[in-house]
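# Structural features, examined
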Amino acid sequence: MAGPTGSGGSLGAALNDLLRAQVTPRHRLSSYNAQHWHAQLSQLTGTHRGYQSLEEAGLHVTTKTLVNWLSDPEYNIRRSYRDLIHTAYENVAIIPADPIPDHVKNGQFEISGWVTTGTDRRKRGTRDAAPLRIDGRRGDWDEIEELWMAGELTDDEFEDHFIDDVIVEDIGEGTDGWDFPGASYSVELR
């Protein structure tokens, strides 16, 4: 029985495709694109979550002050208040990533595509060579998860850390390190 699969033009792209199919990455809500403090404040005060974010950011003003600010977009408020409004706005606009689930970190990865270690270069996942099988349980996922949660897990970063922190932890350095020089990869999670 086949498990979830990711594919891409590099190992890192295939891994990211697989992960994004399993959990929600950190992202920005498309409806939060206001630039001016007044537009940001207006949008924030339209939801309970927005009011909560303003409070958490440290904006403590009276209702009368808030009404004055909302009634006049040209109202001259202090820079420190504008900064707090902006902080609250960004906190609502950015949706944090779901953590990488245990079934991914503890999964068996089957990698298909060109794999090189030393002088051994094979296209894995074909009739001639089985997929490269990696046991995720043996890996150290801390740096991968940290980058994922920060929204900074690029395809290149994912590939580098997966090689160093998961593949090497599972099966070692290989003959002369691991290289994935192909232009098409698929990764199946079992």
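That block above? That's the structure.
One structure accompanies this document, and this report is about it. (Residues numbered from 1 in each chain as written. Predicted model: local features only at pLDDT ≥ 70, side-chain atom pairs only at ≥ 80, totals over all residues. Heavy atoms only, no water.)

### Thoughts on the overall build of the protein chain
Along its length, the protein chain carries eight helices and seven strands. Here the C-alpha radius of gyration of the protein chain, 23 Å, is well above what a compact globule of 190 residues would show, namely 16 Å. Scored against the burial criterion, the 190 residues of the protein chain give a buried share of 42%. By sequence separation, contacts in the protein chain at least 24 residues apart represent 74% of the contacts at least 6 residues apart. Accessible surface, the protein chain: about 10600 Å² in total, of which carbon and sulfur atoms supply 46%. Across the protein chain, the 18 positively charged side chains and the 32 negatively charged ones have centroids separated by 5 Å. (Helix = DSSP H or I, 4+ residues; strand = E, 2+ residues; numbered from the N terminus. Rg over C-alpha atoms; globule rule 2.2 N^0.38 Å. Buried < 20%, exposed > 50% of the residue type's maximum accessible area, 1.4 Å probe, protein only. Contact = heavy atoms within 4.5 Å. Areas by Shrake-Rupley, 256 points an atom, 1.4 Å probe, with all protein chains shown as cover. Lys, Arg positive; Asp, Glu negative; His and termini not counted. Charge placed at Lys NZ, Arg CZ, Asp CG, Glu CD.)

### Let's talk about the pairing of strand β5 (residues 120-124)
Across five bridges, strand β4 (residues 108-117) lies against β5 in antiparallel orientation. Bridged to Thr116 within β5 is Arg121. The antiparallel hairpin formed by β4 and β5 contains two residues in its connecting segment, where Gly118 sits at a positive phi of about 65 degrees. (Pairing = 2+ DSSP bridges.)

### Thoughts on the packing of aromatic side chains
Here the structure, examined in full by the defined rule, presents eight aromatic pairs. Between Phe109 and Phe162 the ring centres are 5.2 Å apart and the planes differ by 75 degrees, which places this aromatic pair in the edge-to-face class. In this pair, Phe109 is assigned in strand β4 and Phe162 in helix α8 (residues 155-171), connecting sequence segments 53 residues apart. Each member of the pair Phe109 and Phe162 is classed as buried. When the ring of Phe180 is compared with that of Tyr185, the centres are 6.1 Å apart and the planes differ by 70 degrees; the resulting orientation is edge-to-face. Looking at Tyr185, the relative accessible area reads 2%, which means it is buried. Among the aromatic side chains, those forming a connected cluster through ring pairs are Phe109, Trp141, Phe158 and Phe162. We note Arg121 situated over the ring of Trp114; from NZ or CZ to the ring centre the distance is 4.2 Å. (Phe/Tyr/Trp six-rings, centres within 6.5 Å; stacked < 30°, edge-to-face > 60°. Lys NZ or Arg CZ within 6 Å of the ring centre and 35° of its normal.)

Purely geometric numbers; function is a separate question.
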